[in-house]
Amino acid sequence: MSTISLHDTHNHDSHDDHGHHKETFLTKYVFSQDHKMIAKQFLITGIIMAVIAMGLSILFRLQLAWPEKSFPILETFLGTWAEGGRIKPDFYLALVTIHGTIMVFFVLTAGLSGTFSNLLIPLQIGARDMASPFLNMLSYWFFFGACVIMMSSFFIQTGPASAGWTIYPPLSALPTAIKGSALGMTLWLISMIMFVASSLMGGINYVSTVLNMRTKGMDLWKMPLTIWAFFLTAILGVLSFPVLVAGVVLLIFDRSFGTSFYLSDIVMGTQVLPNEGGSPILWQHLFWFLGHPEVYIVIMPALGISSEVISVNSRKPIFGYHAMIYSLIGITVLSFIVWGHHMFVTGMNPLLGGVFMITTLIIAVPSAVKTFNYLATLWRGNIRFTPAMLFAIGLVSFFISGGLTGIFLGNASLDINLHDTYFVVAHFHLVMGSAAIFGMLAGVYHWYPKMFGRMMSSKLGYLHFWLTFISAYLVFFPLHFLGLDGVPRRYYAFTEFEFMQKWLTVNVFVTWAAIIGALAQVAFLWNFFYSIFKGKKAPQNPWESNTLEWTTPVEHLHGNWPGEIPTVYRWPYDYSKPGSETDFIPQTVPFSQTMSSNMPHDFEGNTEAERIQREWEAKNPAIAEK
Amino acid sequence: MSLRKFISNKTIAALAVILTVFASTSAFAQAAGAAAETVAKPVDMGPVYKTVIFYTMAFLLVCLFVAIIGKALKVYELTREAQDQPKGINWNTVNGVLFALFLIVGLYGVYWEYTVHGNMILPEAASEHGKKIDQMFNITLIITTIVFIATHIILFVFAYIYRSTGKRKAYYYPHNNALERIWTIVPALVLTVLVLMGFLTWRSIFYKIEDPNNKPLNIEITSSQFAWAIRYPGADGIVGVKNYKLINSINALGIDFKDKNTLDDQTADEMVIPVNKPVRLILTSKDVLHSFYMPHFRIQLNTVPGMTSYFEFTPTITTEEMKVKTNDPKFAFLFLCAKICGEGHYKMQKEVRVVSQAEYEAWVKKQGTYLTDDLRKEFNLPVAAAPAAVAPADSVKKDTAAVKTNQLALKK
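Note that the coordinates shown come from a computational prediction; the quantities given were computed from them, not determined experimentally.

Participant: Quick question: what am I supposed to make of unusual backbone geometry here?
Facilitator: In terms of backbone geometry, most residues other than glycine have negative phi values and most peptide bonds are trans. With an omega dihedral of 5°, the bond running from Pro169(A) to Pro170(A) counts as a cis peptide bond. Unusually for a residue other than glycine, Ile167(A) sits at a positive phi of about 30°. In this structure Ile167(A) comes out as buried when scored by C-beta crowding, with 25 C-beta atoms within 10 Å. Positive phi, normally seen in glycine, also occurs at Arg298(B), with a value near 60°. Within the fold, Arg298(B) resides in the loop between β6 (290-294) and β7 (299-303).

Participant: Can you help me understand the UniProt feature "domain: Cytochrome oxidase subunit II copper A binding" (unreviewed entry) in chain B in this one?
Facilitator: Mapped onto this numbering, the UniProt entry gives "domain: Cytochrome oxidase subunit II copper A binding" (unreviewed entry) at residues 214-366 of chain B. For residues 214-366 of chain B, helix accounts for 11% and strand for 36%, while the C-alpha atoms at its two ends are 24 Å apart.

Participant: Can you help me understand helix α12 (residues 364-378) of chain A in this one?
Facilitator: Side chains that are three or four residues apart share a direction in an α-helix, a result of its 3.6 residues per turn. Taking 1.5 Å of rise per residue, the 15 residues of α12(A) would be expected to cover 21 Å, and the 22 Å separating its terminal C-alpha atoms lies within 8% of that figure. The first or second residue beyond α12(A) is Arg380(A), which carries a positive phi of 55°.

Participant: I'm lost on the packing of helix α4 (residues 128-161) of chain B against helix α5 (residues 177-206) of chain B in this one. Help?
Facilitator: The description of two packed helices rests on the angle between their axes and on the distance between the axes. All names here are of chain B. Running from N to C, α4 and α5 cross one another at 170°; their axes reach a closest spacing of 10 Å. If you check the angle between α4 and α5, you find them roughly antiparallel. As α4 packs across α5, the resulting crossing turns out to be left-handed. Contacts from His129, Lys132, Ile133, Met136, Thr140 and Ile143 in α4 reach Val190, Leu194, Met197, Gly198, Thr201, Ser204 and Ile205 in α5. Here the residues of the contact of α4 with α5 sort into 7 nonpolar, 5 polar and 1 charged.

Participant: How should the confidence of the model for chain A be read in this particular structure?
Facilitator: Parts of the prediction with low pLDDT should not have their coordinates interpreted in detail. On average, residues of chain A score 91 in pLDDT, and 96% of them are at 70 or above. Within the model, pLDDT remains below 50 along residues 1-20 of chain A, and this stretch shows 19 contacts once partners closer than five positions in the same chain are excluded.

Participant: I keep staring at the sheet that holds strand β10 (residues 349-355) of chain B and nothing clicks. Help me out?
Facilitator: Strand pairing in a sheet takes place through backbone hydrogen bonds and is either antiparallel or parallel in direction. All names here are of chain B. Judged by pairing direction, the sheet is mixed, and its 5 strands sit side by side in the order β4-β10-β9-β6-β7 without closing on themselves. The open sheet has two edge strands, β4 (271-274) and β7, and neither has a second partner. Each strand of the sheet is rotated relative to its neighbour by a mean of 20°, with strand direction disregarded. Note that strand β9 (residues 333-337) and β10 share 4 bridges and pair antiparallel. Within the sheet, the bridge partner assigned to Phe335 lies in β10 and is Lys350. Of the strands in this sheet, β4 and β10 are in contact with helix α7 (residues 357-365), which crosses β4 at around 140°.

About the thresholds
- Residues numbered from 1 in each chain as written.
- Chains lettered and ligands numbered in written order.
- Predicted model: local features only at pLDDT ≥ 70, side-chain atom pairs only at ≥ 80, totals over all residues.
- Buried ≥ 20, exposed ≤ 12 C-beta atoms within 10 Å, placed from the backbone.
- Helix = DSSP H or I, 4+ residues; strand = E, 2+ residues; numbered from the N terminus.
- UniProt positions renumbered as here; feature names shortened; annotations may be inferred.
- Expected span 1.5 Å × (residues − 1).
- Axes fitted to C-alpha atoms, helices over the stretch in contact; angles between N-to-C directions.
- Parallel < 35°, antiparallel > 145°, perpendicular 65-115°, else oblique.
- Left-handed = near helix turned anticlockwise from the far one by under 90°.
- Contact = placed C-beta atoms within 7 Å.
- Nonpolar A, V, L, I, M, F, W, Y, C, P; charged D, E, K, R; others polar.
- pLDDT = per-residue confidence, 0-100.
- Pairing = 2+ DSSP bridges.

What follows is the structure, encoded as structure tokens:
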């Protein structure tokens, strides 16, 4: 397999060299099959979707902070959904639903995995392109279609889907239950099927590329942690996303063809529905069978990126490379058997609650190992605070803060009182929202030179980081306490309950913090788009990094390397190796060129190499002793 | 490169961009203003647009300010460079110091949150199992807070101490199996303890052995879009059968009155329960998913159409006692909906009163039955002679209560 595809791309490459292959605007920028261009398409689409979803969140934060106040400007834009300048309850629910859907699926799944798996897998393992460039192109266009369909639901009369991003039936199945479950929900479901198709095509591609197309010398244990993370994420996606499609198809049947998979014993008003024998709990099992792996699909690439960024910018090898990989594998496997912790209080058999509590808390162990390994990597490092490094450190902080509250929620007994409260909102916005978006931003700042051949302004990056980091904590930290006071999430206003009145001022504070955080993103957007055209030209290896992508020329070319693909001799984390003159040794440097810094374990039991090294050391005792 | 030329080029470019932005904003505002004049009659949008423009301008001013500072920094650095002096600002130091500052301010912030917002949370649990949950919560909180503070101190202190100074080389330290074993095993042990405690608490909540001398009071809760219905079992202590197919405009819950147990079932506007007596909640839903959430008692369970779920608990603190404990004369227990259920989700609530046994018995006598004359006709039940047939034989006192309530119903 691998030889065939390699052969193919070689042929392609030679076409380029001879100038026969003429690229038009359409094949270069639109229907591109080049993984680097597809990565950029994913990234820019992801950024646009993120800005939209952030805008939606500001809208509902306005409502929460000032429930009695009228904002006539909203009516100008939203029409009847904000009559009299006040967002309506059903539109509020649509806002939270679409915000969640876009952020989880379109930004943190496609925007993150799609961008960096596409960009980095071929570049870091030494391949000319993906295993199937055509499938890769289709993957982007299905994603793009999914985005368009999702957004189109804002332009229909009944409005977008509004049953929450988890779209629990019967609410999502019955248009009489809520307006958003009419055409809006149909569009949501179609969009989601396209999205899953896209992510499957992507995932299959990533897995087969990593398995088949690594360059000479790049065995699995020499791959950067980014690749390990993308690889395991892709496996997770390939195995769990189809289950969501199954669930979605059954829901479509229930909605449009009168089946009763999820519906039973329902009376709307006084109208008795004919459905019998279904169970709403079935949907929850199917949804969370994807839904929980999904949060790891979101966080694992971010963890992979931060491993790389922290190692490069601490000028130190990542601490416990093997432990990092085993914990990723552990998370991957365990994430399939923890979905029930979303369902402790659904009325599911309490025995299951006990079982899922055990598996859920076990998954905290590999997560803890990862955190401690990050801290150990920083220890005695030589830390350069590039914007990417700042965001990676921010990720570690969020991962700790949000991860620890997971111990509360994973405990079935404590979950009884915390389920569906603001405590949950605070928890997942820190651990998978903020942490994953920080991983993504770290990736953007770090690999921007590779993507666009130019540098972003680091000072604007600092401003962006500090404003975002501080405002994210100001937004999400207080929300824990709302949850501990028993305030449920997805409440349109806190005005109906006496005990919630005291949180109104906190809501105002949180909304202002969110607005500042949102405006801080302007610094990023400006930096990003301005630097594409006007940024400083990037050197080939701006961060003095070891991985293969920095051995490619700055100017992109189809096939990545102008000549032969470089061979890999060592692991990617030889930073500040004692005995070496530079503080980094790229993967392409053979051990024969670094005799002064070689260590016994470098040779992995190769006796011949060990003998040569011993002979050299005998000849050069002075250098060897250092 | 000529420094002056460089700066002037960039400045002009920046100015041009800002000008275009200003121009387009105002043009947009004018167009919108014109549109508003022609269409909108009821609201004068003028001031609204002015406010919007004001905030946009304010933001652009901030951007301009940032841009000027950025330019100034750049000029400063370029002059240093041109004079062959070392770099003006060491950004590694700046960011390292900022992390240290963030740690100090952040720790104070966490302390403030714990003490101020931490004091605004739910009062102590008002149920037996709730006390166990609170205990577990506190243990978990202590453990996680220690880890939270310790790891953050390590993270930000390392960031500060080990910032690059350009003079040092990092310490090559790829792994240490002993260390890695420690921080795998220690969290695993701590989590095992937490899991075991949680598991036992969970079992004690959901697996209850019924005490024949202290039978729980059955109360049925039915959720429907944006309302709760409460059904008390009446004198026989049994909540009778219902069937969703029987739901119509006079039989809102679809109670099947062919079942004798239903005849004395009572309605209630609030949930009143006797203190220190077990209560068994029977949770059902009429339309979509809802979640029965009674935060003060640490109770939550979804109500699912087509499936009945149960939650048993024992309240330990009366409303009056809680008023004293919270020092809030208006304090009231309540239950509410915690699962998104539609546009009225944020309004679904009912009051709960925990009272003494005597107060409860006095209150329950006053509650009406579900069975009305219309329903009697529908189910072919005798309209007047019912009471005798309904009353259970075992208790004379309860018997008369049933008669009274039925008579009340008749009068209506």
